[in-house]
Amino acid sequence: KNQVEQSPQSLIILEGKNCTLQCNYTVSPFSNLRWYKQDTGRGPVSLTIMTFSENTKSNGRYTATLDADTKQSSLHITASQLSDSASYICVVSPSGYALNFGKGTSLLVTP
Amino acid sequence: NAGVMQNPRHLVRRRGQEARLRCSPMKGHSHVYWYRQLPEEGLKFMVYLQKENIIDESGMPKERFSAEFPKEGPSILRIQQVVRGDSAAYFCASHGGAASSYNEQFFGPGTRLTVL
């Protein structure tokens, strides 16, 4: 069964600190892995997308890593800001348009 | 260029009523996807449509649910005889071009359906 597991479920950090979110998946075959940010009451917005051959990709203060051998990915947020408070969703695509969503990590950045 | 639009944003229905959710994809996009997000769960695929065609409805319940994307107008997700278990956030996403795993799907803000 294709599954995407994320940890931690929730996280609270102080503004300015860094954090790392984890994603493990069992989706097979594998085409690409995406990280989305979902603000409360909004739809998900894409942060990064990585294919099998890519092991790191950055988007501003967000850096995603991928280890396709161990089927693990991480999202590192540097110098967090209050606006980073959101749910971060790991999404794995086996092929075509199919997307398998994790439940997300809820991040709260406090002053 | 407006993003994906969904309406209504919030919808309250009593058990047994019908719910109609609308999605207008981004301009120029001809591929529409519907997803459902139950409380504390990840988004789950429901249906994939192109103009006037249902491509894949494998994620949609066999009964009471239907979807369409007519030649003109928005895509509609219709839920007949709603039950409390239908309470969820329903998201629409769209992309242009041929369907491939590299096409970024742009999501709408969602419709939050509450069944009383």
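For the structure itself, consult the block above.
Residues numbered from 1 in each chain as written. Chains lettered and ligands numbered in written order. Predicted model: local features only at pLDDT ≥ 70, side-chain atom pairs only at ≥ 80, totals over all residues. Heavy atoms only, no water.

### Quick look at the interface of chain B and chain A
Listed by partner, the interface residues are 23 residues for chain B and 22 residues for chain A. Carbon and sulfur atoms supply 53% of the area that chain B and chain A bury against each other, a total of about 1,600 Å² over both sides. Where chain B meets chain A, there are 1 salt bridge. For the salt bridge of Lys103(A) with Glu41(B), the shortest nitrogen-to-oxygen distance reads 3.7 Å. At the boundary of chain B with chain A, the tally comes to 3 residue pairs in polar contact (both at pLDDT 80 or more). At the level of elements, β4 (31-37) and β5 (44-50) of chain B are the ones that each hand at least two residues to the side of chain B that touches chain A. Element by element, the count of residues in the side of chain B that touches chain A is highest for β4(B), at 3 residues. For the side of chain B that touches chain A, the class distribution of residues is 10 nonpolar, 7 polar and 6 charged. (Contact = heavy atoms within 4.5 Å. Buried area = accessible area lost by both parts, 1.4 Å probe. Salt bridge = Lys/Arg side-chain N within 4 Å of Asp/Glu carboxyl O. Polar contact = N/O pair within 3.5 Å; in protein donor to acceptor, adjacent residues only side chain to side chain. Helix = DSSP H or I, 4+ residues; strand = E, 2+ residues; numbered from the N terminus. Nonpolar A, V, L, I, M, F, W, Y, C, P; charged D, E, K, R; others polar.)

### Focus on the layout of surface pockets
One number sums up the size of the largest pocket: a volume of about 970 Å³. Lys103(A), Gln37(B), Glu40(B), Glu41(B) and Gly42(B) are the residues nearest the centre of the largest pocket, which is lined by 38 residues in total. At the level of secondary structure, the elements contributing two or more residues to the lining of the largest pocket comprise β1 (4-7), β9 (86-93), β10 (100-101) and β11 (105-110) of chain A together with β5, β9 (88-95) and β11 (111-115) of chain B. Considered as a void within the structure, the second largest pocket measures approximately 230 Å³ in volume. Lining the second largest pocket we find 15 residues, and of these Gly43(A), Pro44(A), Val45(A), Phe107(B) and Gly108(B) sit closest to its centre. Those elements that place two or more of their residues in the lining of the second largest pocket are β5 (45-51) of chain A together with β10 (106-107) of chain B. Classifying every residue of the lining of the second largest pocket gives 7 nonpolar, 5 polar and 3 charged. (1 Å grid on protein atoms, 1.4 Å probe; cavity = no way out; pocket = protein on both sides within 12 Å on 5 of 7 lines; lining within 4 Å. Points joined across faces, edges and corners; volume = space filled by probe spheres on them.)

### Brief notes about the sheet that holds strand β8 (residues 72-77) of chain A
Residue and element names in this part refer to chain A. The strand order β1-β3-β8-β7-β6 describes an open sheet built from 5 strands, whose pairing is antiparallel. The open sheet has two free edges, formed respectively by β1 and β6 (56-59), since each of these has just one partner strand. Strand-to-strand, the axes of this sheet are offset by a mean angle of 15°, without reference to chain direction. Of the pairings in the sheet, the one linking strand β3 (residues 19-25) to β8 comprises 6 bridges and is antiparallel in character. Residue asparagine 24 lies in a different strand from β8, and its bridge partner there is glutamine 72. (Pairing = 2+ DSSP bridges. Axes fitted to C-alpha atoms, helices over the stretch in contact; angles between N-to-C directions.)

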